[in-house]
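# What the coordinates show
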There are 2 protein chains.
Amino acid sequence: MRTIGIQEIEDIAMGAALLGAGGGGDPYVGKLVAMDAVQACGPVTLLDPDEVADDALVIPIAMMGAPTVLGEKAIGGKEYQTLYDMVSQYFGKKIDAFMPIEAGGVNSMLPIAASARLGIPLVDVDGMGRAFPELQMVTFTIGGISATPMALTDEKGNSVIFNTITNKWTEELARAVTMSCGGSVSVSLYPMSGAQMKQYGVKGIVTRSQRLGEAIRTVKDCADQSPEERFLSFTGGYKLFKGKIADVLRETRGAFNFGKVVLEGIGEDKGGTAFVEFQNENLTATVNGEIRATTPDLICLVDVETFAPVTTDALKYGKRVLVVGLPCFPLWRTPAGLELVGPRYFGVDTDYIPLEERYKGGKG
Amino acid sequence: MRTIGIQEIEDIAMGAALLGAGGGGDPYVGKLVAMDAVQACGPVTLLDPDEVADDALVIPIAMMGAPTVLGEKAIGGKEYQTLYDMVSQYFGKKIDAFMPIEAGGVNSMLPIAASARLGIPLVDVDGMGRAFPELQMVTFTIGGISATPMALTDEKGNSVIFNTITNKWTEELARAVTMSCGGSVSVSLYPMSGAQMKQYGVKGIVTRSQRLGEAIRTVKDCADQSPEERFLSFTGGYKLFKGKIADVLRETRGAFNFGKVVLEGIGEDKGGTAFVEFQNENLTATVNGEIRATTPDLICLVDVETFAPVTTDALKYGKRVLVVGLPCFPLWRTPAGLELVGPRYFGVDTDYIPLEERYKGGKG
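First, a word on what this report is: a plain description of the structure on this page. Not measured: the values here are computed from a predicted model.

With an omega dihedral of 0°, the bond running from Thr 148 of chain A to Pro 149 of chain A counts as a cis peptide bond. Secondary-structure assignment places Pro 149 of chain A in the loop between α6 (139-142) and β8 (150-153). The omega torsion of the bond from Thr 295 of chain B to Pro 296 of chain B falls at 10°, within 30 degrees of zero and hence cis. Mapping Pro 296 of chain B onto the fold places it in the loop between β17 (290-294) and β18 (298-303). We note that Ala 21 of chain B has phi near 55°; this positive angle belongs to a residue other than glycine. Tracing the sequence through the fold places Ala 21 of chain B in the loop between α1 (6-19) and α2 (27-41). Under the relative-accessibility criterion, Ala 21 of chain B is labelled buried at 0%. Phi is positive for Asn 288 of chain B, which is not a glycine, with a value near 50°. With respect to the element layout, Asn 288 of chain B can be found in the loop between β16 (281-287) and β17.

Structure representation (structure tokens):
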């Protein structure tokens, strides 16, 4: 058990945005929401998963929708209470803890804000260890845990409770409502017991985000390594490409951000080209015509100077970025995991090959 | 209090399909569902509205979606129980009676089936006195009654509860889910007290449907009048046009059936032309270039021989029909009523003029 205050939020937002793999929303927006809540209501208690009782009721809090829209719509304060009440009344019991469902600039932050506002502890766990675009894409689906009852509310005060036969159906129906509500909403889904959370969750993800954020913040403070070396060694990342953004193709469709970013090589990659395709999150990285990384491994773009993550929303012509691959949570590499989030699910006709195997000769 | 058995269902289905004003679905499909239920579980008790206690909990049962889809999807038996359980659990009390929300071939029948299957009385009332395409279009909206909590379930077993800030928002969100569920779903909305039902409902609509159905069934049994005279005098209808269907333009869009039927005059209207535009229900009737009736008055097409109503789904080239106008429930003619269901709401740029005023000189 420890406490999350302003500095921790700063670092968690940065690190979670990196783990967002291009998605998960703008960490600046997320950070402000969490900081506001902590300034108003005091710091948040972060529980280690093993500190949570097996029969506790734990619920994730998140936003659903196209990250591009998140920044344009106000995030109200009363949504957390509404979600709490909907789920608590459904089960007829109090909620013991909140948790994030994914790592990302916004969805790592909202549960902190909710915990601060409602005085409920947060658990150091999530269901992805990164961000993914669709709601059935969580380790809990592999564990057979239902996304429903799922509570959804918008900033206007509309609310919906879903009960579905599969988590893919939850995605279908909740996505339709999200679009009708203007493209982004607040949700609580995968209500679960402490035992389920401990069995299938990605443990320690909040702490990992914070450590990554600290490392980025202090990347230039090391005398023995260059900032890039330090960044790569700290993240355990594979350097895929270094380039300047030459083109960004982007489209908001069905409450998702689809697109592709094209890079012209700089530095040691001068003369080369690469592109990264995304659906909210980065899906594939292709360097000089060859696929070098695919989902579910994390493909992250970071600024070549500051190593701050660049989300798919923030891609801009001329920006100089390093494309980095990070190995995903091991459960995603199982057949059940790849069925949910492997390249073919996203329409990319290629087998998943782990980063470690693609870069057997060295880290790029 | 009286009982609804097989013969009553036959007549109610026919009369309600007439009041469906082109919409409300195929009375044959609806009839089979209701008859099956009554054959399996026995007749239904029909209560006069005034027999219902003021503090009773009364809920409408209906299908939502494009009527064209209803006939193609199976209507399961377990949806009524699911809806009952959802609403009953929400309020923490038993449900005292079901009611239809609109008159129409399907939506007059499903509440009968639900009442039979669950052994719960049906009330002789609805919220339209006809059919309309969108769910906020009920007298209860004028009375300030919320459509929510609204329960929705599909034949696969997905279910959703909505709570919205306005009834128009209920329509938006429930329509989005209906489309995602394949275009038609079972719903319960506008849960209300007996007092509310009595204050704003269209009373006696089941009985009126039954009487209209009887009249159509026996339209040729009268020695003193021609079948057409008898049909018009019994329904109180205005004869707008008699013609042969020359063209049908039809499109399913956003879970609605949109379209237009073009008629070439026959008999006394020989040489003339007319067209009727619809969104599930008929919206306008234009005869020889002049609008002769608009929503919210009922525009009904009936077979020239049998006087059986022809729904917008059943429009076919060459069919000979009589276009009849019936005055709507008086509440629809108030400013609040016309705002909800007047011609301008449907994008028809014309003032509403009551049938009686258009035909001051005589009934056409």
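Still to come is the rest of the account.
Once that is clear, we can look at the nonpolar core. In terms of nonpolar packing, the biggest core is built from 188 residues, with Phe 98, Ile 112 and Tyr 190 of chain A together with Ile 112 and Tyr 190 of chain B touching the most fellow members. Top element by residues in this core is helix α5 (residues 110-118) of chain A. It accounts for 6 residues. If sequence neighbours within four positions are ignored, Ile 112 of chain A has contacts with Ile 4, Ile 9, Ile 12, Ala 34, Val 38, Val 44 and Leu 122 of chain A.

On to the packing of helix α4 (residues 79-91) of chain A against α5 of chain A. Residue and element names in this part refer to chain A. Following both chains from N to C, one finds α4 and α5 inclined at 80°, their axes separated by 9 Å at the closest point. By the angle between their axes, α4 is roughly perpendicular relative to α5. From α4, Tyr 80, Gln 81 and Tyr 84 reach across to α5, where they touch Leu 110, Ala 113, Ala 114, Arg 117 and Leu 118. Taken together, the residues of the contact of α4 with α5 break down into 6 nonpolar, 1 polar and 1 charged.

A few words now on the interface of chain B and chain A. Between chain B and chain A, the residue contacts involve 17 residues of the former and 17 residues of the latter. Interface area for chain B against chain A, summed over the two sides, is near 1,500 Å², with a carbon-plus-sulfur share of 62%. The largest per-residue losses of area from chain B upon contact with chain A belong to Asn 158, Leu 173 and Ser 180 of chain B, which jointly make up 30% of the total buried on that side. Seen at the junction of chain B and chain A, the total is 0 salt bridges. Inspection of the region where chain B meets chain A yields 5 residue pairs in polar contact (both at pLDDT 80 or more).

Moving on: the sheet that holds strand β17 (residues 290-294) of chain A. Residue and element names in this part refer to chain A. Strand order in the open sheet formed by 7 strands is β17-β16-β15-β14-β13-β19-β18, with antiparallel pairing between adjacent strands. Looking along the sheet, the strands with just one partner apiece sit at the ends: β17 and β18 (298-303). Neighbour to neighbour, the strand axes of the sheet diverge by 35° on average, direction disregarded. Bridge analysis of strand β14 (residues 256-265) against strand β15 (residues 273-279) gives 7 bridges, and the strand direction is antiparallel. Pairing of Lys 260 across the sheet is with Glu 277, part of β15.

Take the packing of α2 of chain B against helix α5 (residues 110-118) of chain B next. Residues and elements named next belong to chain B. α5 packs onto α2 with a crossing angle of 15° between their chain directions and a minimal axis gap of 8 Å. Overall, the two elements α2 and α5 adopt an arrangement that is roughly parallel. In this structure, the crossing between α2 and α5 has a hand that is left-handed. For the pair formed by α2 and α5, the contact residues are Val 33, Ala 34, Asp 36, Ala 37, Val 38, Ala 40 and Cys 41 on the first element and Leu 110, Ile 112, Ala 113, Ala 116 and Arg 117 on the second. Residues of the contact of α2 with α5, tallied by class, amount to 10 nonpolar, no polar and 2 charged.

How each quantity is defined
- Residues numbered from 1 in each chain as written.
- Chains lettered and ligands numbered in written order.
- Predicted model: local features only at pLDDT ≥ 70, side-chain atom pairs only at ≥ 80, totals over all residues.
- Heavy atoms only, no water.
- Helix = DSSP H or I, 4+ residues; strand = E, 2+ residues; numbered from the N terminus.
- Buried < 20%, exposed > 50% of the residue type's maximum accessible area, 1.4 Å probe, protein only.
- Core = buried A, V, L, I, M, F, W, Y, C linked by side-chain atoms within 4.5 Å.
- Contact = heavy atoms within 4.5 Å.
- Axes fitted to C-alpha atoms, helices over the stretch in contact; angles between N-to-C directions.
- Parallel < 35°, antiparallel > 145°, perpendicular 65-115°, else oblique.
- Nonpolar A, V, L, I, M, F, W, Y, C, P; charged D, E, K, R; others polar.
- Buried area = accessible area lost by both parts, 1.4 Å probe.
- Salt bridge = Lys/Arg side-chain N within 4 Å of Asp/Glu carboxyl O.
- Polar contact = N/O pair within 3.5 Å; in protein donor to acceptor, adjacent residues only side chain to side chain.
- Pairing = 2+ DSSP bridges.
- Left-handed = near helix turned anticlockwise from the far one by under 90°.

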